[in-house]
Amino acid sequence: MRLKNVKGAREAVEGSPLVVKEPESAKGKWDAVFGNGNPIRIEIGMGKGKFLHELALRNQEVNYIGIEKYSSVLIRALQRMEEAPLSNLLFIRMDAEEIGEVFGEEEIDRIYLNFSDPWPKERHGKRRLPSREFLGRYQGFLKKDGVLEFKTDNRELFDFALGELSPAGWEAVKVTRDLHRDSEMAEGNIMTEYEEKFSSKGNPIYKYIIKRKQIL
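Model, not experiment: these values are computed from the prediction. (Residues numbered from 1 in each chain as written. Predicted model: local features only at pLDDT ≥ 70, side-chain atom pairs only at ≥ 80, totals over all residues. Heavy atoms only, no water.)

K.L.:
Describe the sheet that holds strand β4 (residues 108-114), naming the residues involved and giving the relevant values.
P.N.:
Pairing in this open sheet of seven strands is mixed, and the strands run β3-β2-β1-β4-β5-β7-β6 from one edge to the other. In the strand order of this sheet, the two ends are held by β3 (89-93) and β6 (170-176), each with one partner. Each adjacent strand pair in this sheet contributes to an overall mean axis angle of 20 degrees, direction not counted. Pairing of strand β2 (residues 63-68) with β3 involves five bridges; the strand directions are parallel. Pairing of I65 across the sheet is with L90, part of β3. Sheet strands in contact with helix α4 (residues 71-83) are β2 and β3, and its direction is about 165 degrees off that of β3. Sheet strands in contact with helix α5 (residues 132-139) are β1 (40-44), β4, β5 (142-152), β6 and β7 (206-212), and its direction is about 145 degrees off that of β5. (Pairing = 2+ DSSP bridges. Helix = DSSP H or I, 4+ residues; strand = E, 2+ residues; numbered from the N terminus. Axes fitted to C-alpha atoms, helices over the stretch in contact; angles between N-to-C directions. Contact = heavy atoms within 4.5 Å.)

K.L.:
I'd like a description of the layout of surface pockets, backed by residues and values.
P.N.:
Empty space within the second largest pocket amounts to approximately 330 Å³. The wall of the second largest pocket is formed by 20 residues, among which E149, E187, G188, N189 and K207 lie closest to the centre. Per-class residue counts for the lining of the second largest pocket are seven nonpolar, four polar and nine charged. (1 Å grid on protein atoms, 1.4 Å probe; cavity = no way out; pocket = protein on both sides within 12 Å on 5 of 7 lines; lining within 4 Å. Points joined across faces, edges and corners; volume = space filled by probe spheres on them. Nonpolar A, V, L, I, M, F, W, Y, C, P; charged D, E, K, R; others polar.)

K.L.:
Before we move on, could you go through α5 and cite the residues and values that matter?
P.N.:
Since the α-helix advances by 3.6 residues per turn, residues separated by three or four positions end up pointing in the same direction. Restricting attention to buried positions, one finds in α5 the residues F134, L135 and Y138. Buried positions in α5, seen along its axis, are confined to an arc of 105 degrees and lie on one side of it. Buried residues in α5 make contact with β1, β4, β5, α6 (155-168), β6 and β7. (Buried < 20%, exposed > 50% of the residue type's maximum accessible area, 1.4 Å probe, protein only. Arc of directions from axis to C-beta.)

K.L.:
Account for the pairing of β1, naming residues and giving values.
P.N.:
In terms of burial, β1 is a largely internal element, five of the five residues being buried. The two faces of β1 match: I40, I42 and I44 on one face and R41 and E43 on the other face are all buried. Relative to β2, β1 is paired through five bridges, and the arrangement is parallel. Opposite I40, over in β2, you have N63 as the bridge partner. Chirality of the crossover, the property in question, places the unit of β1, helix α3 (residues 50-58) and β2 among those that are right-handed. Here three bridges tie β1 to β4, and the two strands are oriented parallel to one another. Among the inter-strand pairings, I42 is bridged to a residue of β4, identified as I111. (Right-handed = clockwise from strand over helix to strand, strands pointing away.)

In structure tokens, the structure reads:
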């Protein structure tokens, strides 16, 4: 998908107090950044921020961090915050491959991946956010009892993601291949912009919730 360049987006993102500059310096110190000891949850590849903003609004006793690579997309999340400010939501503009550099051991208790880039070419498998390579990165900062939630409309990507669990030392807690018809997993579901678009066309939405295998 080709992203449209938004004039002034990079400057606006760099100048926003909601975007954490030099996030590596906050590693292991995110409680201090937020000014409280509330749980911290992150969305990697958050897009325009609709999902995370609604989540933060509903759960103000939890701190959220949205991670997005492109300024032209992140700017939309900042505009949303201007319209409806929240004190428990911050952003980082960065490439997901550097994720292990900004969070300390057991600092995050939940990770959200929503409609991630499928990187369809086989040689790009390591770039997929639910790949074993990325699961290894997440393991470095997710709490031992923390979970990861992943949604997609891409069946091939979902099958790939399920196949990565065991080799990476993770296991499924819940799995559905039709989220909106699964009453248990659909309860409290917040739709992203992509989810609204795809589901309106009748596409099934795939979702899993996973956790790290406990070593006895």
